[in-house]
Structures are given as C-alpha cells and as structure tokens.
Amino acid sequence: MNAPLTPTQPTQQESLQKTQRQAQVVGALQAHLPAHALIWHAEDTTPYECDGLTAYRARPLVVALPETEAQVAAVLRTCHQLGVPVVARGAGTGLSGGAMPHTLGVTLSLAKFNRILKIDPVSRTAVVQCGVRNLAISEAAAPFNLYYAPDPSSQIACTIGGNVAENSGGVHCLKYGLTLHNVLRVRGFTAEGEAVEFGGDALDAPGLDLLALVVGSEGMLAVTTEVTVKLVPKPQLARCIMASFDDVRKAGDAVAAVIAAGIIPAGLEMMDKPMTAAVEDFVRAGYDLDAAAILLCESDGTPEEVEEEIGRMTAVLRGCGATAIAVSNSEDERMKFWSGRKNAFPASGRISPDYMCLDSTIPRKRLADILLAIQEMEKKYNLRCCNVFHAGDGNLHPLVLFDANDPDELHRCELFGADILETSVAMGGTVSGEHGVGVEKLNSMCVQFTASENEQMFGVKRAFDPEGMLNPGKVIPTLQRCAEYGKQVVRGGRLPHADLPRF
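A few points on the structure. (Residues numbered from 1 in each chain as written. Predicted model: local features only at pLDDT ≥ 70, side-chain atom pairs only at ≥ 80, totals over all residues. Heavy atoms only, no water.)

**Details of the overall build of the protein**
Thinking step 1. Per the secondary structure count, the protein includes 17 helices and 18 strands.
Thinking step 2. By the compact-globule yardstick of 23 Å for 503 residues, the protein fits well, its C-alpha radius of gyration being 23 Å.
Thinking step 3. Counting only C-alpha atoms, the protein reaches 70 × 60 × 40 Å along its principal axes.
Thinking step 4. Split into buried and exposed, the 503 residues of the protein put 55% on the buried side. (Helix = DSSP H or I, 4+ residues; strand = E, 2+ residues; numbered from the N terminus. Rg over C-alpha atoms; globule rule 2.2 N^0.38 Å. Buried < 20%, exposed > 50% of the residue type's maximum accessible area, 1.4 Å probe, protein only.)

**Side note on the state of the cysteines**
Thinking step 1. Within the structure shown, the criterion is met by 1 disulfide.
Thinking step 2. Covalently, Cys446 is tied to Cys482 through a disulfide, its sulfur atoms 2.2 Å apart. Between Cys446 and Cys482, the S-S dihedral sits near -85°, and the bridge is therefore left-handed. Of this pair, Cys446 sits in helix α15 (residues 442-448) while Cys482 sits in helix α17 (residues 479-491), and the two are 36 residues apart along the sequence. Of the two residues examined, Cys446 and Cys482, each falls in the buried class.
Thinking step 3. For Cys240, which is in no disulfide, the shortest distance to another cysteine sulfur is to Cys297 and amounts to 7.1 Å.
Thinking step 4. Residue classification places Cys240 among the buried residues on the basis of a relative accessible area of 0%.
Thinking step 5. Between Cys386, a cysteine without a disulfide, and Cys385, which holds the nearest cysteine sulfur, the sulfur-to-sulfur distance is 6.8 Å. (Disulfide = S-S within 2.5 Å.)

**Considerations on the sheet that holds strand β6 (residues 125-129)**
Thinking step 1. Judged by pairing direction, the sheet is antiparallel, and its 5 strands sit side by side in the order β5-β6-β10-β8-β9 without closing on themselves. Looking along the sheet, the strands with just one partner apiece sit at the ends: β5 (116-120) and β9 (195-199). When strand polarity is set aside, the average angle formed by the axes of neighbouring strands in this sheet is 10°.
Thinking step 2. Across the sheet, helix α4 (residues 134-141) lies against β5, β6 and β10 (223-230), angled at about 45° from β5, the strand it touches most. (Pairing = 2+ DSSP bridges. Axes fitted to C-alpha atoms, helices over the stretch in contact; angles between N-to-C directions. Contact = heavy atoms within 4.5 Å.)

**Notes on the pairing of strand β13 (residues 267-272)**
Thinking step 1. For β13, the tally of buried residues reaches 6 of 6 residues, placing the bulk of the element in the interior.
Thinking step 2. Going residue by residue along β13, you find Gly267, Glu269 and Met271 tucked away on one face and Leu268, Met270 and Asp272 tucked away on the opposite face as well.
Thinking step 3. Both β13 and strand β14 (residues 293-301) contribute to a ladder of 6 bridges, which runs antiparallel. By the bridge assignment for β14, Gly267 is matched with Glu298.

**Regarding the nonpolar core**
Thinking step 1. Core analysis: the largest hydrophobic core is formed by 83 residues, its most contacted members being Ile137, Val229, Leu317 and Phe416.
Thinking step 2. Residue contributions to this core peak at 7 residues, all from helix α14 (residues 407-426).
Thinking step 3. Not counting chain neighbours up to four residues away, the residues in contact with Ile137 comprise Ile116, Ala126, Val128, Val132, Tyr148, Ile160, Val229 and Leu231.
Thinking step 4. Within the second largest apolar cluster, 25 residues are counted, among which are Val25, Val26, Cys130 and Leu470. (Core = buried A, V, L, I, M, F, W, Y, C linked by side-chain atoms within 4.5 Å.)

**Section: the packing of helix α8 (residues 248-260) against helix α10 (residues 303-319)**
Thinking step 1. At a closest axis distance of 9 Å, the pairing of α8 and α10 adopts a crossing angle of 140°. Seen from above, α8 lies across α10 with right-handed handedness. Here Ala254, Ala257 and Val258 of α8 come into contact with α10, specifically with Met313, Val316 and Leu317. (Left-handed = near helix turned anticlockwise from the far one by under 90°.)

**Points about the sheet that holds strand β15 (residues 324-327)**
In a beta sheet, neighbouring strands pair by backbone hydrogen bonds and run either parallel or antiparallel.
Thinking step 1. The 7 strands lie next to each other as β15-β12-β14-β13-β17-β18-β16, forming an open sheet whose pairing is antiparallel. Looking at strand neighbours, the two that pair on one side only are β15 and β16 (354-357), the edges of this open sheet. If you compare each strand with its neighbour and ignore which way they point, the axes differ by 15° on average.
Thinking step 2. On top of the sheet, helix α9 (residues 273-283) reaches β13, β14, β17 (385-390) and β18 (395-402); it is set at about 95° to β13, its chief contact.

**Quick word on the pattern of salt bridges**
Thinking step 1. This model, assessed by the stated rule, comprises 26 salt bridges.
Thinking step 2. A salt bridge links Arg133 to Glu139; its shortest N-O distance comes to 3.6 Å.
Thinking step 3. Its relative accessible area of 32% is what places Arg133 among the partly exposed residues.
Thinking step 4. The exposure class assigned to Glu139 is partly exposed, which follows from its relative accessible area of 46%.
Thinking step 5. With its nearest N and O atoms 2.8 Å apart, the salt bridge here joins Asp359 to Lys441. Remark: Lys441 occurs in the loop between α14 and α15 and Asp359 occurs in the loop between β16 and α13 (367-381); sequence separation between them is 82 residues.
Thinking step 6. Judged by its relative accessible area of 0%, Lys441 falls in the buried class.
Thinking step 7. Residues joined by salt bridges that share partners form a network here, namely Glu69, Arg185, Arg187, Glu197, Asp201 and Glu226. (Salt bridge = Lys/Arg side-chain N within 4 Å of Asp/Glu carboxyl O.)

**Remarks on unusual backbone geometry**
Thinking step 1. Positioned with a positive phi, Asn382 is a non-glycine residue whose angle comes to about 55°.
Thinking step 2. Inspection of the secondary structure puts Asn382 in the loop between α13 and β17.
Thinking step 3. Even without being a glycine, Asn471 presents a positive backbone phi close to 50°.
Thinking step 4. Residue position: Asn471 is located in the loop between α16 (451-464) and α17.
Thinking step 5. A relative accessible area of 3% means that Asn471 is categorised as buried.

**Brief notes about α9**
Thinking step 1. Along α9, the residues classified as buried are Met275, Thr276, Ala278, Val279 and Glu280.
Thinking step 2. Summarising the contacts, the buried residues of α9 are in contact with β13, β14, α11 (331-342), α12 (344-351), β17 and β18.
Thinking step 3. Residue Arg284 follows α9 closely and has a positive phi angle near 55°.

**Comments concerning the packing of α8 against α13**
A pair of packed helices is captured by two measures, namely the crossing angle of their axes and the spacing between those axes.
Thinking step 1. Between α8 and α13, whose axes approach to 7 Å, the crossing angle comes to 150°. Taken as axis vectors, α8 and α13 run roughly antiparallel relative to one another. The two elements α8 and α13 meet at a crossing, and its hand is right-handed. Contacts between α8 and α13 involve Val248, Arg249, Gly252 and Val255 from the former and Leu367, Ala368, Asp369, Leu371 and Leu372 from the latter. (Parallel < 35°, antiparallel > 145°, perpendicular 65-115°, else oblique.)

Written out as structure tokens, the structure reads:
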C-alpha cells in the first residue's frame, strides 16, 4: 500500500514571500475593518484551520470578521483587487472540508452576522442574517406556533448561511424538504463585492431559477449575508415508531415498502447495530441492542391523521418482518427515541479518536445492498464503520472510525470512504446528499461526472467568479486531477487527497 504523501515544507524564500503578502493584505484590510475584526498571528488563526472534517488542515493568511454588509463588500473588493482568494466561513460545522482555508487567502468569518431581523407570522417567514443558528430560528418563531423545518443534527450550532451553502437537510427532510425547499430569498455579495439577491419574497421569482443554483453552491458563487426562510406551523401531535429488525435487508425493504404504500412520514431514519450500540451507551434511548437494524418512523399532524398513519406504518413494518415495535406515547418518549439519532455523531466520537462521516445517496431499494457492501469494506480496510441513514430519501451517513495519529489508518480511511462513495454511484446514487463536496469528495466527483460535465460546472463558476477567487480548489475537480486519479485507480493504488495537508 502506498503511504500518503505529505506537503513539502516551504523554502525560506517562499516563507518570506508569504510574510510580505500577509503584510500587504493586512495593511489593505485595515483601512476597512476595526482592529478587533482582523487577525493574522498564527496562534489566533489556528482555530480556523479546518471545519468538521479535521483530517485536513491549513492555516489562513488572514481572518477577517466583518460586522456589517458594507465591511463584507469592502473585504471582497479589496481581496479581488489584490488577487487574494476568499473562503467564507460560518460556524465551521461542515463535514466535507468546504471551509478549509486557503494558505494564501483570507478566511471571511461571518460569525458576527447573528441577528434575526424579522419574524412575520402572517406570511410565515423569517428574515435572518447568515450567522444565525439553525435552531435559533425555531426558538424565535415558537411564540407564533411556527418553526423552521430543516433540522440537521448540528442544528444547535450550525448557521443558516452554512445550511444554504451545503443545502442541509435533517431527520425530517423526507416530508419537509432540504434547505432549498425552505428558503425564499438569499442576499449576498459576488467576488467583486457587488450586492446580489437570489429569489424573492414571493413564491416564485422572475427569470432563471438562480436561487436553486446558489443553494448548495458551497461558497463558490457568492457570499451569503442574509436569508429569508419559510416557517411552518407546529403540528398538533407527533408520534414516533421504533421498529427492530433481525436482518438489514428486511429493514431496507421496509423503508421502500412504507414509501410504496403512499406514506410520507415526517421522518424515516435507519441505524445499524454498531451505531445503536454506540448511541445507547451514550444517551440511553431504549434502543434494541439485539436488532441488526432499527427504523425510526415519525408521523405528525392532527391527532386523527397521526393515529391513522401510525396504524398504516405499523402494519407495513410488521408485514416486512419487524421483530419488535414501540410507539411513543408522550412527547418526552418521542424525544427520547430521537435523542439517539440526533446524538449519533458525538456518540461515535466516544468510541473512536476520529471519524470521517460521509453522505452519499442511493436508491431506497439498495439500502441493504450498500450496508452489506460496507460490511465487506470493513474487512478489506480493517476499520470499523457505524451507519445511520436518512433512509426515507436514501441519504447515507456512514461514520468510518479511525485514529488520525496513525497515518496508515488515515490512508485506509480515505480509501474506505472513496469506496463507499464510488459504490454508491455504481448503485445509481450520488457522492453527496447534504454535506457537500468540499475537498473530501473531489476525486469521487471524477467518478460521478465526465470531464465535459465538470467543465460545464466550471462554466457556471466562471460566470459568477471569473478569476476563481471564491473558495478555489473545492467542489469541482480539474481535468488534470481526474486524469491522475484515473491512473491511480488503474494501478490499484488510489491516493485520495494526497495533495492535501494532513493532521
């Protein structure tokens, strides 16, 4: 097995050039930002060196923390004039390295844009700045009996701007949709510092649907500063079924059967045995530790709707071979069922020094196939993997467990992750459902898309950012990268991300 490559150390001349460049950028930005909003010393910029994907790290040249839109525009204009790359950053909870800094660029932290500007209960909308936490929107809307539906597991920390960048979902995305389906308008700035808006306050906007283009664009097209989101009424009642299965194929077939029966649950999640063991030890949610897989199926609406849907889902699950079924009888019990799923990631952190969480998608009917394939990969790469799924829409979240202090384990983890992503594509799926591509999935994009398709995506990028200053080197692989990756695959010695700085 080939050992992972490590970045070469900069020469003395390169270090001097970087120091001079840093001084130039700091001097230019000091004209637009107060002293406390600009940091560049190594000990101060270290917290910004990665996002939730901690395996790859880089220290930014400068970190800017603007407090007003005018300051954001000024930073972008200045960087554009100097030819300095800009990487926008929210809470840093992303899991694909999308916010990893550029070593010769400015990290534009939008953490101070944390105000809820307006809650309109009549139109059921909220206008918020990009740094507002996902959960904070629902908390602010609660007095009006409304909430913001997308609920990624990181919702207590992740920001709406980051949700827009990655098109985040959550456990209730099956019924209520992803970020794209819950956003009306996005305001921000281009790489040149020009104000721009996508969408509008109405249900539709004139012209091309650029809102759908910018949501999920991972900071490649514009920097988001303000978002108008939809709010939905809180359901009168919600109840959750916890169903156990002694075979992962039965559980996978049950997911497809629920949807085939014409039922769209509020949430439909699946966890395998290793994951349920990890979370049960952490939160004591009452999970069946003997089950090969469990499903969480939620119904919400009026009491009559919920009773009818719970009955239908229970019948389908029993017909598919569920060995045990429990239905929540109170809100506390419902939240207890969900506590395990919501804490899957921190629970995994308790049983492994590090983990890499992927998020490929597959057709629902292939859920069991991918789980069985991952079990074989565990043997192949000699690493453990816990699995949790947005089963209703086929969005996988395998967590490959490894120790980043062991370079060989990190390398095997990279290969394991690439294998999962490429197997998902082979099964008719995609490399990402909601975490984005960032740097993590660059090579797998070479498998998903042809050179022509990647070039078309570069064309969109150039239309918004001709000089390629916003989040460069992410999301879209170059022709050269894909050619080299193809050679490695042929040789049987794939080296995902050999060019990236490692922990």
